[in-house]
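# Working through the structure, step by step
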Amino acid sequence: SLNLEFESKHFNFYSKKADTSVLENLSKSLENNYSRITENMKTNFESKIDVFIHPNIKSFHNAINVPDAPDWVVGAANKNELIMVSPLNPGSEHTYESLMKAIVHEFTHTVILNFRKKGLVGLPNWLNEGYPYYEAKQLTESQREIVHSNLLNNTIPSWNELEKADSFQFGDLNGYPISATIIEFLIESYGIDKLKQFIIEPENVNRIYTMSKEDLEVLWLKHLKTELESN
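Residues numbered from 1 in each chain as written. Predicted model: local features only at pLDDT ≥ 70, side-chain atom pairs only at ≥ 80, totals over all residues. Heavy atoms only, no water.

## Quick notes on the sheet that holds strand β4 (residues 75-78)
To keep it simple, the criterion reads: Here the rule is simple: two strands pair whenever DSSP picks up at least two bridges between them. A run of H or I in DSSP counts as a helix once it spans at least four residues, and a run of E counts as a strand once it spans at least two, with each numbered from the N terminus. Axis geometry follows a simple rule: fit a line to the C-alpha atoms, using only the stretch in contact for helices, then measure angles between N-to-C directions, giving values from 0 to 180 degrees. Residues count as neighbours in contact if any of their non-hydrogen atoms are within 4.5 Å of one another.
Sheet architecture is open: five strands sit in the order β1-β2-β3-β5-β4, paired in mixed fashion. Strands at the two margins of the open sheet, each flanked by one partner only, are β1 (3-7) and β4. Each strand of the sheet is rotated relative to its neighbour by a mean of 25°, with strand direction disregarded. Alignment of β4 against strand β5 (residues 81-85), held across four bridges, turns out to be antiparallel. From the neighbouring strand, Gly 75 faces β5, where its bridge partner is Met 84. Set on the sheet, helix α1 (residues 23-40) makes contact with β1, β2 (11-15), β3 (49-54) and β5; between it and β2 the angle comes to about 150°. Along the sheet face, helix α3 (residues 96-115) touches β2, β3, β4 and β5 and points at about 155° away from the line of β5.

Following this line, the structure appears as structure tokens:
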């Protein structure tokens, strides 16, 4: 029931007539980030990506076959496909502005699926969600402060806990901003190319970073502590 209403260089947008006014802004948000993210991950798309914008939260949750999903679930991605609720009707947990970032988050998932031959098999949740959260610049200063307070109170979840959590538990654990700080640490310390290799083959962490996952985790916690002390 969603019709092709707008096209940009790399995307086709499908929506109801009532949501056509937001499609140009969504396309700007995506096109402004397209080159950076595809170049970071050294990948390219052979065809345009389809973007489906649903008119409200209920219709979006039905479209992804999770009718009871919480309101913070506003986007989804498949290979060459983005699905999201309209920024004109974002529900109780999001705003127009946050959905302009959420669409970039979902696009980054599509980028991962574009170069990762195994799909999401074997990809830890924090790696799969942290990188899109980082690229979409969704990590706010207030969220960073919450991560710092988790660190001070010894309530920060371990990488293993984040890996074992299902999608909803992951959100409850503050998994998105915490994972973005892990990605930030990995990129600042070791570069984007190693991160791409890590996304492709997380089981080979020792070869990619010349240390175990546990040692990397310790260094990330030290990095967070240093960041906290310098504020």
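From this point, the narrative continues.
## Some words on the environment of Ile 146
Worth spelling out the cut-off: Only protein chains enter the calculation, and the probe is 1.4 Å; a residue is then buried if its accessible area is under 20% of its type maximum, exposed if over 50%, and partly exposed in between.
Topologically, Ile 146 is positioned in helix α5 (residues 141-152). Judged by relative accessible area, Ile 146 falls into the partly exposed class, the value being 41%. Sequence separation between Ile 146 and Ile 156 is 10 residues, and the spatial gap between their C-alpha atoms is 9.8 Å.

## A few points about the nonpolar core
In plain terms, the rule: Put simply, buried Ala, Val, Leu, Ile, Met, Phe, Trp, Tyr and Cys residues joined by side-chain atoms within 4.5 Å make one nonpolar core.
Grouped together as the largest cluster of nonpolar side chains are 64 residues, with contacts concentrated most on Phe 107 and Trp 126. Sorting elements by how many residues they give to this core places α3 first, with nine residues. Residue contacts for Phe 107: discarding those within four places in its chain leaves Phe 11, Leu 30, Asn 33, Tyr 34, Ile 37, Thr 38, Phe 45, Ile 49 and Leu 82.

## Points about the layout of surface pockets
Our working rule: Cavities and pockets are found on a 1 Å grid laid over the protein atoms alone: a cavity is a set of points where a 1.4 Å probe fits but cannot escape, a pocket is an open set with protein on both sides within 12 Å along at least five of seven lines, and a lining residue has an atom within 4 Å of such a point. Grid points are joined across faces, edges and corners, and a volume is the space filled by probe spheres set on the points. All amino acids are sorted into three groups, where Ala, Val, Leu, Ile, Met, Phe, Trp, Tyr, Cys and Pro are nonpolar, Asp, Glu, Lys and Arg are charged, and the leftover types, Gly among them, are polar.
Approximately 1100 Å³ is the volume attributed to the largest pocket. Lining the largest pocket we find 42 residues, and of these Trp 72, His 105, Glu 106, Glu 129 and Tyr 176 sit closest to its centre. Elements that contribute at least two residues to the lining of the largest pocket include exactly β4, α3, α4 (125-135), α5, α7 (167-172) and α8 (175-190). When residues of the lining of the largest pocket are assigned to their parent elements, the largest contribution, seven residues, is made by α3. Residue classes in the lining of the largest pocket are distributed as 19 nonpolar, 16 polar and seven charged.

## Here we look at the packing of α8 against helix α9 (residues 192-200)
The line we're drawing: Angles below 35 degrees are treated as roughly parallel, those above 145 as roughly antiparallel, those between 65 and 115 as roughly perpendicular, and all remaining angles as oblique.
Where α8 meets α9, the closest approach of the two axes is 7 Å, and the angle between their N-to-C directions is 130°. Regarding the angle of α8 to α9, the classification is oblique. Note on element contacts: α9 touches α8 through Ile 192, Lys 194, Leu 195 and Phe 198, opposite Ile 183, Leu 186, Ile 187 and Tyr 190. Looking at side-chain class alone, the contact of α8 with α9 contains seven nonpolar, no polar and one charged residues.

## Some words on the packing of aromatic side chains
In plain terms, the rule: Between 30 and 60 degrees the pair is tilted, below 30 it is stacked and above 60 it is edge-to-face, where a pair is any two Phe, Tyr or Trp rings, Trp via its six-membered ring, whose centres lie within 6.5 Å.
Under the criterion given, the structure shown has 18 aromatic pairs. Relative to Phe 107, the ring of Phe 11 lies with its centre 5.6 Å away and its plane at 75°, an arrangement referred to as edge-to-face. Of the two residues, Phe 11 is situated in strand β2 and Phe 107 in helix α3; the sequence distance between them amounts to 96 residues. Given the relative accessible area of 0%, Phe 107 is considered buried.

## Focus: α8
So the rule is basically this: Multiplying 1.5 Å by the helix residue count minus one yields the expected span of that helix.
Compared with an ideal rise of 1.5 Å per residue, which puts 16 residues at 22 Å, α8 spans 22 Å between its outermost C-alpha atoms and is within 8% of the ideal. Summarising burial for α8: 13 of the 16 residues are buried, a large majority. Among the residues trailing α8, Gly 191 stands out with phi positive, at a value near 95°.

## With respect to the pairing of β3
The criterion, for reference: With strands facing away from the observer, any crossover in which the path from the first strand over the helix to the second runs clockwise is taken as right-handed.
Pairing of β2 with β3, which is carried by four bridges, proceeds in the parallel orientation. Its bridge partner lying in β3, Asn 12 is registered against Asp 50. Taking the sense of rotation as the criterion, the β-α-β connection linking β2, α1 and β3 turns out left-handed. Pairing of β3 with β5, which is carried by five bridges, proceeds in the parallel orientation. Across the sheet, His 54 pairs through a bridge with Val 85, a residue of β5.

Note that all results are geometric; they support no functional claim without further evidence.
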